[in-house]
Structures are given as structure tokens and as C-alpha cells.
Amino acid sequence: MKNSLRVLAALAFVALPCLAQAQTGTINASADIATVFTFGASTPLTFGSVTPGTTATASGSIAFSRNVGVIWTLPDAATTGQLTGPGGTISPTYTCGTGSTASTITSSFSSCSPATGTTAVLTVAAPTALVAEFVIFNGSLSAAQTNTVPGTYTGTIRITATPN
Amino acid sequence: MRRPWQRGVLAALLLVWSGTVAAARAQAVTVSPEQGLSFGLLLPGTSETVALDDVARRGVIALAGSGSLDVAFVLPSALLSPEGGSLPISFSAVSAGLLSSAGGATAPLNPQQLVRVQLASDRVMHLVLGGTAQPAASQRSGHYTARIVVIVSQPGT
């Protein structure tokens, strides 16, 4: 066979399959999973009706869901949870922190009445999954504190969560 | 000196080859990705489906050319995050479609099978793709992606 024939035959066998090759197109698929960072229902901390000169305790909590880390602060600092009423201001003693249930603190805040409102009382890294937790405040009043002018004493516990 | 039969073979090959090339060129198909499949912002534990008529979020690939075409999708089973997270996605037998004209009806296609479509030489047709993302309740926040490949070939090749 002549060289020209060989070349032509080779071209025919090579070129035709190339022209008939499959083509591909690529598109991306994407999704963004939202950051979950939200407070839920709260249970007020209520000492109820207290007999003067006796001790009293109460517990309150607020639910929180997140899938990122969090920095907890108490913006009211040293006045967090103070009660005011007819007899002036009462400062209950608190223990505080977070827990997986509303009743048990598993991670305690470093302070329930920090020196400043920007002090991080607890810093938690991002979880591996969505976390449903509770911020819990347990309060107690001493007999001396309840031995005061009768009336209603109220206050607010403000908690700030900042994504970490 | 070339013998007559050799010249004949040469001419025949040239005729066949040039004719086939011309035919192949006439049926050349252009595949152009136009839009990714975007599920958007999802909440953990809440599935989200992108329908074929969701023009803003469905995936779109343009096909230009003529003749029959075999189309196969290479579909991922999950979107992945840079941190290694995995977000399951799924496709049904009607998750894909062929849109013959703008505003026209979408003919459903099964993206899980090889499907044959007929192109029209006078207009660009569009493959569209929807799907369902199924983030777990424990899905971590972040950006998840995957690639969807469409392979087109002319029947018999």
C-alpha cells in the first residue's frame, strides 16, 4: 500500500472518532446551611411569696439553640439579677451556667455578676451538631435579705450570646 | 505511478471521509452550562426541593445543535463543605427536564437514566435540573457544593 493510502486510512480512523466524541458540561450544585443562633422560651426565676426572715430559692432558664460557637456575657455586669422593691435593692446569690436540660448546670459561668458587661463569662467552641441548651440561673435569698419591707421585688437577668 | 484501483480506493475513502466529516459537523452539538443548581439558605433538619420551574435556583445547561442526542447525568449523592461536612441530596425520576423554548413547557426527563433527546437546529434547547437537599438536624452551618456533570453523545458513537 502506498504511503498516501496509509496516511489517509489512518486519518479516517483517527479523525472520525474524534469528531464523534461525547461532550460534557458541568454545573455546580450548592447549598448554605444557615447559622442557628436563637433564644427560645424562658422560665422566669420566681421566689414566690417569701416569709420575712426565711430563706428562699428559685430557678429560671432560657432555651438556646445554636450550631456555632458562642460567647456568653452578662451586660448588666455586677447588677445582674438584682431585685428592687419597696425596701430597696436585694442582691440574690446566684449560680449560673448552661446545661442540656433546664434543671442542671453542666458548664458554669465564671461569674454571675461580672465586673463588666463585656466580660466573657463562658466561651464555647462550635459544636459538631445543632445544640439545644439552656442558660440557667439558680438564685437564693438569705434570711437576712428577706427580712425587709414587704412588697414585690423585681429584676431582670439579661444574657447576651455572641457567635464565636 | 498509482494503479487505477488504488486511485479508486483513494477517491472512495476521500468521499466517505469528507462526507462523514460534513455530517458530523452538521450535527455538532454545543454544551454550555448556564446556571448552577442552588438550594440556597437551608435550616438544619429541613429538606428543600428545587422544582423544575424554579427559574432562579434550578440548574440549566444549554444544548445547541441538531439531531438526536443521548444525555447522561453524573449526579452526586451529597454536597460537601470545605470542613468535610456532607449534606445529602437526591434526584427523582422527574428531577430533570428539557425546555424547548423560553416560556414553553418542560418535558420531564429521568436524570438517573440515559435519555435521548431530539435537538432542533433552529433554537437552543435547555436541560434543566432540580433536586432535593436533605440537611440533617445536626447539619453544621456552612457552604456546601458538588459538581454535576452532563455527558452528551450522539447515538451510536
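A brief report on the enclosed structure follows. Quick caveat, the model's predicted, so the values are computed rather than measured.

## Here we look at the nonpolar core
Judged by nonpolar contacts, the single largest core of 35 residues is most densely connected at Phe39, Leu79, Leu87 and Leu127 of chain B. Broken down by element, this core gets its largest block of residues, five residues, from strand 13 (residues 142–153) of chain B. Leave out the neighbours within four places in its chain, and Leu127 of chain B touches Gly59, Val60, Ile61, Leu63, Val71, Phe73, Gly97, Leu98, Leu109 and Val150 of chain B. Membership of the second largest hydrophobic core comes to 15 residues, among which are Ile62, Phe64, Trp72 and Leu122 of chain A.

## Section: the environment of Leu45 of chain A
Among the structural elements, Leu45 of chain A can be located in the loop between strand 2 (37–43) and strand 3 (56–66). Distance in space between the C-alpha atoms of Leu45 of chain A and Gly81 of chain A is 9.6 Å, their sequence separation being 36 residues.

## Remarks on the state of the cysteines
By definition, a disulfide links two cysteine residues through a covalent bond between their sulfur atoms. Residues and elements named next belong to chain A. Scanning the entire structure with this criterion turns up one disulfide over all chains. Between Cys96 and Cys112 runs a disulfide, and the two sulfur atoms are separated by 2.0 Å. Residues Cys96 and Cys112 share a disulfide whose torsion about the S-S bond is about -115°; that sign makes it left-handed. Remark: Cys112 occurs in the loop between strand 8 (107–108) and strand 9 (120–124) and Cys96 occurs in strand 7 (residues 93–99); sequence separation between them is 16 residues. This pair shows no difference in class: Cys96 is buried, exactly as Cys112 is.

Criteria and cut-off values
- Residues numbered from 1 in each chain as written.
- Chains lettered and ligands numbered in written order.
- Predicted model: local features only at pLDDT ≥ 70, side-chain atom pairs only at ≥ 80, totals over all residues.
- Heavy atoms only, no water.
- Core = buried A, V, L, I, M, F, W, Y, C linked by side-chain atoms within 4.5 Å.
- Buried < 20%, exposed > 50% of the residue type's maximum accessible area, 1.4 Å probe, protein only.
- Helix = DSSP H or I, 4+ residues; strand = E, 2+ residues; numbered from the N terminus.
- Contact = heavy atoms within 4.5 Å.
- Disulfide = S-S within 2.5 Å.

It is worth stressing that arrangement in space is one thing and function is another; only the former is reported here.
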